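So you can see what is in the structure, the chains are spelled out below.
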Amino acid sequence: MTTEHQAGAPSSTGAPSSTGAPSSTVAAARILERCDVLATHTSRSDGLIERVYLSPEHTAVNTLTAGWMTEAGLDTWQDAAGNQCARREGVTAGLPALLLGSHLDTVPAAGRYDGILGVLVAIAVAERIGASGTELPFALEVVAFGDEEGTRFGTTLLGSRALDGTWQPEWLKLRDAQGVSLAEAFTAFGLDPAALDTAARRPAELLGYLEVHIEQAPVLFDSHRALGIVTSIAGAVRRQITIEGHAGHAGTPWHARRDALAGASEAILAIETVARSTGLIATVGHLQVFPDAVNVIPGRVEFSLDLRGEHDAQRDAGWARITAALGTACERRGLTFTTVQTHTAAAAHCSPRLRAAMAAGIRCTAQGADAPELLSMAGHDAMAVAAITEIGMLFVRCTNGVSHHPDEAVTEADVAAAIDALEGAVLALAAEYVQHA
Ligand code: GLV
Ligand code: MN
Ligand code: MN
């Protein structure tokens, strides 16, 4: 039987394993308690979770996570981009590392498992392997990325882009909603932006990256499976779109109106139509109306577009059709539009080797050989890390597939299965590594 975990719910306990490491049931209960603890570190006063990059809450969760990493027997450090890192040496010191991890930042009004679960499962696996006395033929590292969501500065994956060495210096000029630049935020956090390149890892230092994450659509949930293997992560682009009309008195007759909000409404529906007909997913999640008054025709509207597809070419072709639809709508209404790209991430594919390792890991659980494969329409740190090493991802069932919402929920049994599967995947890679050495 599985029990859905809710904030403050009592955790179950399990028997310790024969190695002295906590059983995966005990470890899962502890992970859920830790998710509750991390959820209290929020910048909001309405009880909802929001924790953004380089904030005081980011410092607090890095400190807590570093403590748990130390308890797990790992050596810890915070890198120059604010990612919280840890390492256990392999059979000899200085070997290349298998990297495990995910992120600790959140969207506004977030759930408590997106990203966080993956970090805590990684720590639990590193602890269990250490406690079992297993000496791996490689080092094991855990990374808790500081920014995957892009909530504060609009550009996502800042933590993992620092680690993969693709950080763009101009990002330091990005400003948050309060006007604080990314460079200023670094200094306030106690980090030197000039040292950012020291966070970059070299491909030769890494053997691969494994990330556990909740699913963010009800695929496993609907098919009654606890775990699934990700095949690839959809490519995404984000654009800021501005439609300009002419502000004026609400009593202006129809023929003389150039209403930017009416144009934006038409454009948003056109975006939906194009995306649906081309197999893409599109979200307009932020919209601002100027001058934003009840008796003034909207003169300008700014809105965001997040566009995702399994293949980059398919996504870019969809964007070309959206641009044409925007042009048609604006021309008919006497409006103009401009667009600025704020984010782009190429689709990333999980490597056959790491997918096979995840399948071997799932075979260590009650799910056995039943390992469904899924495409991720959500972005993940893995898509950045793919620039420097092979990636593999394991999805964990999430109640109703709901994510980016306070209702995100997982069961203790599924978390225990994820621990067993990730540990099994690491051990399968170790066995393969020894065999090919
Ligand atoms: C992150 O969760 C994203 O997919 O935007
Ligand atoms: Mn997310
Ligand atoms: Mn995430």
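Scoring rules and cut-offs
Residues numbered from 1 in each chain as written. Chains lettered and ligands numbered in written order. Predicted model: local features only at pLDDT ≥ 70, side-chain atom pairs only at ≥ 80, totals over all residues. Heavy atoms only, no water. Donors = N, O, S within 2.8 Å, 3.2 Å for Na, K, Ca; no water. Buried < 20%, exposed > 50% of the residue type's maximum accessible area, 1.4 Å probe, protein only. Salt bridge = Lys/Arg side-chain N within 4 Å of Asp/Glu carboxyl O. Helix = DSSP H or I, 4+ residues; strand = E, 2+ residues; numbered from the N terminus. Contact = heavy atoms within 4.5 Å. Core = buried A, V, L, I, M, F, W, Y, C linked by side-chain atoms within 4.5 Å. Pairing = 2+ DSSP bridges. Near = heavy atom within 4 Å. Areas by Shrake-Rupley, 256 points an atom, 1.4 Å probe, with all protein chains shown as cover. Nonpolar A, V, L, I, M, F, W, Y, C, P; charged D, E, K, R; others polar. Phe/Tyr/Trp six-rings, centres within 6.5 Å; stacked < 30°, edge-to-face > 60°. Lys NZ or Arg CZ within 6 Å of the ring centre and 35° of its normal. Polar contact = N/O pair within 3.5 Å; in protein donor to acceptor, adjacent residues only side chain to side chain.

The coordination sphere of the manganese ion (ligand 2) contains the protein donors Asp114 (OD), Glu149 (OE), Glu149 (OE) and His404 (NE2), at a distance range of 2.0 to 2.7 Å. Residue class for Glu149 comes out buried when judged on its relative accessible area of 10%.

Here we come to the pattern of salt bridges. In the structure shown here, the tally under the stated rule is 25 salt bridges. Ionic pairing is found between Arg44 and Asp46, a salt bridge with its closest N-O pair at 2.8 Å. Classification of Arg44 as partly exposed rests on a relative accessible area of 27%. Notably, a salt bridge pairs Arg87 with Glu141, separated by 2.7 Å at the nearest N-O pair. Here Arg87 is found in strand 2 (residues 84-88), whereas its partner Glu141 is found in strand 4 (residues 139-145), with 54 residues between them in sequence. Taken individually, Arg87 and Glu141 each receive the classification buried, so the pair is uniform in this respect.

Right, let's talk about the environment of Leu307 for a bit. Structurally, Leu307 can be placed in strand 12 (residues 300-309). Take Leu307: its relative accessible area is 0%, and that puts it in the buried class. Taking the C-alpha atoms as reference, Leu307 lies 5.9 Å from Ile281; in sequence the two are 26 residues apart. Not counting residues up to four positions away in its chain, the partners in contact with Leu307 are Gly235, Ala236, Val237, Leu280, Ile281, Ala282, Arg315, Trp319 and Ile322.

Moving on, we come to unusual backbone geometry. Cis geometry is adopted by the peptide bond preceding Pro291, which originates at Phe290 and carries an omega value of 5°. Summarising the element assignment, Pro291 is placed in the loop between strand 10 (287-290) and strand 11 (296-297). In the Ramachandran plot, His224 falls in the positive-phi region, its phi being about 55° despite a non-glycine side chain. Along the chain, His224 falls in the loop between helix 6 (219-222) and strand 6 (227-233). Phi at His404 takes a positive value of approximately 55°, unusual for a residue other than glycine. Along the chain, His404 falls in the loop between strand 16 (391-396) and helix 11 (412-436). By relative accessible area, which is 40% here, His404 ends up partly exposed.

Let's shift gears to the coordination of the manganese ion (ligand 3). Note on metal geometry: ideal angles are 109.5 degrees for four donors arranged tetrahedrally and 90 or 180 degrees for six donors arranged octahedrally. Taken together, the protein donors to the manganese ion (ligand 3) comprise His103 (NE2), Asp114 (OD) and His213 (NE2), at separations of 2.1 to 2.3 Å. The manganese ion (ligand 2) is placed at 3.5 Å from the manganese ion (ligand 3), the two being bridged by Asp114. Of the two residues, His103 sits in strand 3 (residues 97-103) while Asp114 sits in the loop between strand 3 and helix 3 (116-131), which places them 11 residues apart along the sequence. This pair shows no difference in class: His103 is buried, exactly as Asp114 is.

Right, let's get into the nonpolar core. In a soluble, globular protein the nonpolar side chains are often hidden away together inside. Membership of the largest hydrophobic core comes to 59 residues, with the highest contact counts inside it found for Leu210 and Val426. In this structure, Cys85, Leu99, Val385 and Phe395 belong to the second largest nonpolar core, which totals 23 residues.

This part takes up the pairing of strand 12. If a strand is regular, its side chains alternate between the two faces of the sheet. Counting buried residues along strand 12, 9 of its 10 residues qualify, which places the element largely inside the surrounding structure. Where strand 7 (residues 235-244) and strand 12 come together, 10 bridges link them in antiparallel fashion. In the strand pairing of strand 12, Glu244 is matched with Arg300. Bridge count between strand 9 (residues 281-283) and strand 12: 3 bridges; the pairing is antiparallel. Bridge pairing in strand 12 links Thr283 to Asp306.

Contacts to ligand 1 come from Glu148, Glu149, Arg238, Arg308, Ala378, Gly379 and His404. Summarising the interface, the protein chains cover 91% of the accessible area of ligand 1, which totals 190 Å² for the free molecule. Classifying every residue of the shell around ligand 1 gives 1 nonpolar, 2 polar and 4 charged.

Applying the stated criterion to the full structure yields 5 aromatic pairs. Here the aromatic rings of Tyr53 and Phe186 are separated by 6.1 Å at their centres, their planes lie at 85°, and the arrangement is edge-to-face. Of this pair, Tyr53 sits in the loop between helix 1 (24-39) and helix 2 (56-71) while Phe186 is found in helix 5 (residues 182-189), placing the two residues 133 residues apart along the sequence. Residue classification places Tyr53 among the buried residues on the basis of a relative accessible area of 0%. When the ring of Trp167 is compared with that of Phe186, the centres are 5.9 Å apart and the planes differ by 70°; the resulting orientation is edge-to-face. Residue Trp167 is located in the loop between helix 4 (158-163) and helix 5, and its partner Phe186 is located in helix 5; the two are separated by 19 residues in the primary sequence. In this structure, Trp167 and Phe186 share a single accessibility class: buried. Through a chain of ring-to-ring contacts, three or more aromatic side chains come together here, namely Tyr53, Trp167, Trp171 and Phe186. The cationic tip of Arg257 hangs over the ring face of Trp254; the distance from NZ or CZ to the ring centre is 4.9 Å. Over the aromatic face of Phe290 sits the side chain of Arg300, whose NZ or CZ is 4.1 Å from the ring centroid.

Our focus in this paragraph is the side chain of Ser55. Tracing the backbone through its elements, the reader meets Ser55 in the loop between helix 1 and helix 2. Of note is the side chain of Ser55, whose polar atom sits 2.6 Å from the backbone oxygen of Val52.

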